[in-house]
Amino acid sequence: MLFAEHILPYKEQMHQTLKTMVAIPSVVDSPLPGKPFGEESARALQTILRIADDLGLETKNVGNYAGHAVYGEGNEYADVLCHVDVVPAGDGWETEPFDTVEKDGLLYGRGTADDKGAAVVALYCLKALKDAGVKTKRRIRVIFGAGEEVASNDIETYYQSEPMPVFAFTPDSDYGICNREKGILRIDLSGGKESTAVRLFTAGDVVNAVPANASAVVVCSEDQANALLELTADEDTLRCTRTPDGLCIDAVGVASHAMQPQEGVNAAEKLIMLLSKVLDKDQMGSVLLFLADKVKTEYDGASAGIQQSDEPSGLLTLNLGLVRIGEGTPSAGLDIRYPVTASGDDILEHLKRISAPYGLTCERTCENRPLYLPEDSDLIRLLKGAYAAVMGEEPTVYATGGGTYARELNGRGVAFGPFFPDEPDRRLHNTNESIDLARFMQHAQICLQAMYDMATK
């Protein structure tokens, strides 16, 4: 049975609800009592649950970590996992990031693509099922996480008190079906000898993005200062100026998500390699020296000795996301996406060995183990059928370096949509995030069909 067209009457309501959600700047912030991801993240979760209440759906808030709206009958659950937090707005927007602006068939705003648009679609799919009076074999539940962008424990905490589903998907990736997600290993490097020349170095806001900007304040000899000025004189992306505090050097790169660092240009790495051409080892300090020796401007971990690949999921990637010098203990943050057949423990132990001679502490701050769900599973067959019913062709099955909530489902779920392979990546974690409104409604039809099938088959 094709049920997908039942979502079409809700188009305008979805647009209005999305505008309401985008207006909340729900970047994860310092925890507050009862609000583990800060004020705005909690407000976004509470807002979408209130909207779900107004739509006549049963809701629950689990400590402002996550919440759900649910419909149907049965002893089992089928889940759709979305999130309502967003990455920082960043600079360079052509529109106001927390105002939705419609232009040329696109709707711009932070969160339209990742992941508030998909959250709103799933909510109204639930409403469509309820309004149609669909009889279910299992309850269909839309879950809204509040801390996904910082790889938090929001969904883990949710499932500590709520039952796990039989089937699930998260619309937080691309079509077709992502049944393989690389492991995500986040590393903090800190300590060692402080730089004798670099008084300040800052780059990055979050570890899971390629930093588009980096800056340093350097105090060095006149010959070294002249060398730095000469090296940057004809560089559009490097600017070096004399100030009373020393040389101020700024680097400009291109932002990208850490799952695809090769799509960006890392400003921190560019600035570190510039400094390494002029400063000696003591002047660099342990953190910057290690990065210059073992990370360089690579994204595959070759110089660090962790380069590897496998057939199911492809190449390991490494992103230098954060650097802080002159603000307490020198530190750097690495985001590593490793193949599904590799070991995060082995990678960590290797990094500890090679960073020890530099006097650095190497700690794992977070790890999400790989996901690998066989293509012949019942869930993947069901999702293939839903996609084919709407689009007239079967979806591909693929691997990603991205991390989604599917990892929390213990083999019960995958990433599925909302973006199509023939459209550009509109998530744009730096600026001008948007959705194509026509494709938005196509996704809504696929999402509804998949939710209907999970609940009834």
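As a starting point, this report considers the structure included with it. Just so it is clear, the model here is predicted, and its values are computed rather than measured. (Residues numbered from 1 in each chain as written. Predicted model: local features only at pLDDT ≥ 70, side-chain atom pairs only at ≥ 80, totals over all residues. Heavy atoms only, no water.)

1. Quick word on the overall build of the chain
At step 1: Of regular secondary structure, the chain possesses 11 helices and 26 strands.
At step 2: For a compact globule of 457 residues, the expected C-alpha radius of gyration is about 23 Å, and the chain comes in at 23 Å, within 12% of that figure.
At step 3: Referenced to the eigenvectors of the C-alpha coordinate spread, the extents of the chain come out at roughly 80 × 45 × 45 Å.
At step 4: Expressed as a percentage of the 457 residues in the chain, the buried residues total 59%.
At step 5: Total accessible area computed for the chain in this model is approximately 18100 Å², and 45% of it derives from carbon and sulfur atoms. (Helix = DSSP H or I, 4+ residues; strand = E, 2+ residues; numbered from the N terminus. Rg over C-alpha atoms; globule rule 2.2 N^0.38 Å. Buried < 20%, exposed > 50% of the residue type's maximum accessible area, 1.4 Å probe, protein only. Areas by Shrake-Rupley, 256 points an atom, 1.4 Å probe, with all protein chains shown as cover.)

2. Some points on the layout of surface pockets
At step 1: A volume near 480 Å³ is recorded for the second largest pocket.
At step 2: Elements with a contribution of two residues or more to the lining of the second largest pocket: β11 (198-203), β12 (209-210), β13 (213-218) and β19 (317-325).
At step 3: In terms of residues, the lining of the second largest pocket owes the most to one element, β13, which gives 3 residues.
At step 4: Here the residues of the lining of the second largest pocket sort into 10 nonpolar, 10 polar and 3 charged. (1 Å grid on protein atoms, 1.4 Å probe; cavity = no way out; pocket = protein on both sides within 12 Å on 5 of 7 lines; lining within 4 Å. Points joined across faces, edges and corners; volume = space filled by probe spheres on them. Nonpolar A, V, L, I, M, F, W, Y, C, P; charged D, E, K, R; others polar.)

3. Concerning the environment of I249
At step 1: On the secondary structure map, I249 appears in strand β15 (residues 246-252).
At step 2: The class of I249 is buried, set by a relative accessible area of 0%.
At step 3: Linking I249 and D114, residues 135 residues apart in sequence, is a C-alpha distance of 33 Å.
At step 4: Contact partners of I249, with chain neighbours within four places excluded, come to A214, S215, A216, V218, L228, R239, C240, L271, L274 and L275. (Contact = heavy atoms within 4.5 Å.)

4. Quick notes on the nonpolar core
At step 1: Residues L123, F144 and M451 are the most contacted members of the largest nonpolar core, which totals 69 residues.
At step 2: Here this core gets 12 residues from one element, more than from any other, and that element is helix α11 (residues 437-456).
At step 3: Those residues in contact with L123 that sit more than four places away from it in its chain are I48, I51, A52, L55, L57, A69, V142 and F144.
At step 4: Residues A216, I325, Y338 and C362 belong to the second largest nonpolar core, which totals 52 residues. (Core = buried A, V, L, I, M, F, W, Y, C linked by side-chain atoms within 4.5 Å.)

5. Quick look at empty space enclosed by the protein
At step 1: All told, the structure shown has 1 cavity of 30 Å³ or more when counted by the stated rule.
At step 2: Roughly 100 Å³ of internal volume is contained in the largest cavity.
At step 3: Broken down by secondary-structure element, the contributors of at least two residues to the lining of the largest cavity are α3 (116-131), β25 (418-419), β26 (434-436) and α11.
At step 4: Each residue belonging to the lining of the largest cavity can be placed in one class, and the counts come to 7 nonpolar, 3 polar and 3 charged.

6. Remarks on the sheet that holds β19
Pairing between the strands of a sheet comes from backbone hydrogen bonds, and it takes one of two forms, parallel or antiparallel.
At step 1: Spatially, β14-β15-β13-β11-β19-β20-β10-β21 is the arrangement adopted by the 8 strands of the open sheet, whose pairing is antiparallel. Looking at the sheet topology across the chains shown, the edges are occupied by β14 (238-243) and β21 (360-368). Adjacent strand axes in the sheet meet at a mean angle of 20°, parallel and antiparallel pairs treated alike.
At step 2: Relative to β15, β13 is paired through 6 bridges, and the arrangement is antiparallel. From the neighbouring strand, A216 faces β15, where its bridge partner is I249.
At step 3: The strands that helix α5 (residues 222-232) touches are β13, β14 and β15; relative to β14, the one it contacts most, it runs at about 145°.
At step 4: Each of β10 (183-191), β20 (331-338) and β21 touches helix α9 (residues 344-355); the most contacted strand, β21, lies at about 165° to it. (Pairing = 2+ DSSP bridges. Axes fitted to C-alpha atoms, helices over the stretch in contact; angles between N-to-C directions.)

7. Observations regarding the sheet that holds strand β5 (residues 106-108)
At step 1: Reading across from one edge, β4-β5-β26 is the order of the 3 strands in this open sheet, with antiparallel pairing throughout. Here the strands that pair on one side only, and so sit at the sheet edges, are β4 (101-103) and β26. Pairs of neighbouring strands in the sheet enclose a mean axial angle of 20°, with direction left out of account.
At step 2: Judged from the 3 bridges that link them, β5 and β26 form a sheet pairing that is antiparallel. Paired with L107 across the bridge in β26 is I435.
At step 3: In the packing of α11 onto the sheet, contacts are made with β4, β5 and β26, and the angle to β26 comes to roughly 75°.

8. Focus on the packing of helix α1 (residues 11-22) against α11
At step 1: Two elements in contact, α1 and α11, have axes separated by 12 Å at closest approach and are oriented at 110°. Relative to α11, the element α1 lies roughly perpendicular. Judged by the sense of rotation from one axis to the other, the crossing of α1 with α11 is right-handed. Facing α1, whose interface residues are K11, M14, H15 and L18, α11 presents L437, F440, M441 and A444.
At step 2: Classifying every residue of the contact of α1 with α11 gives 6 nonpolar, 1 polar and 1 charged. (Parallel < 35°, antiparallel > 145°, perpendicular 65-115°, else oblique. Left-handed = near helix turned anticlockwise from the far one by under 90°.)

9. Remarks on α3
At step 1: Look at α3: 22 Å from first C-alpha to last across 16 residues, which is about the 22 Å you get at 1.5 Å a residue.
At step 2: Of all 16 residues that make up α3, 14 are buried, and the element is covered over most of its length.
At step 3: Once α3 ends, the next one or two residues include G133, with phi positive near 65°. (Expected span 1.5 Å × (residues − 1).)

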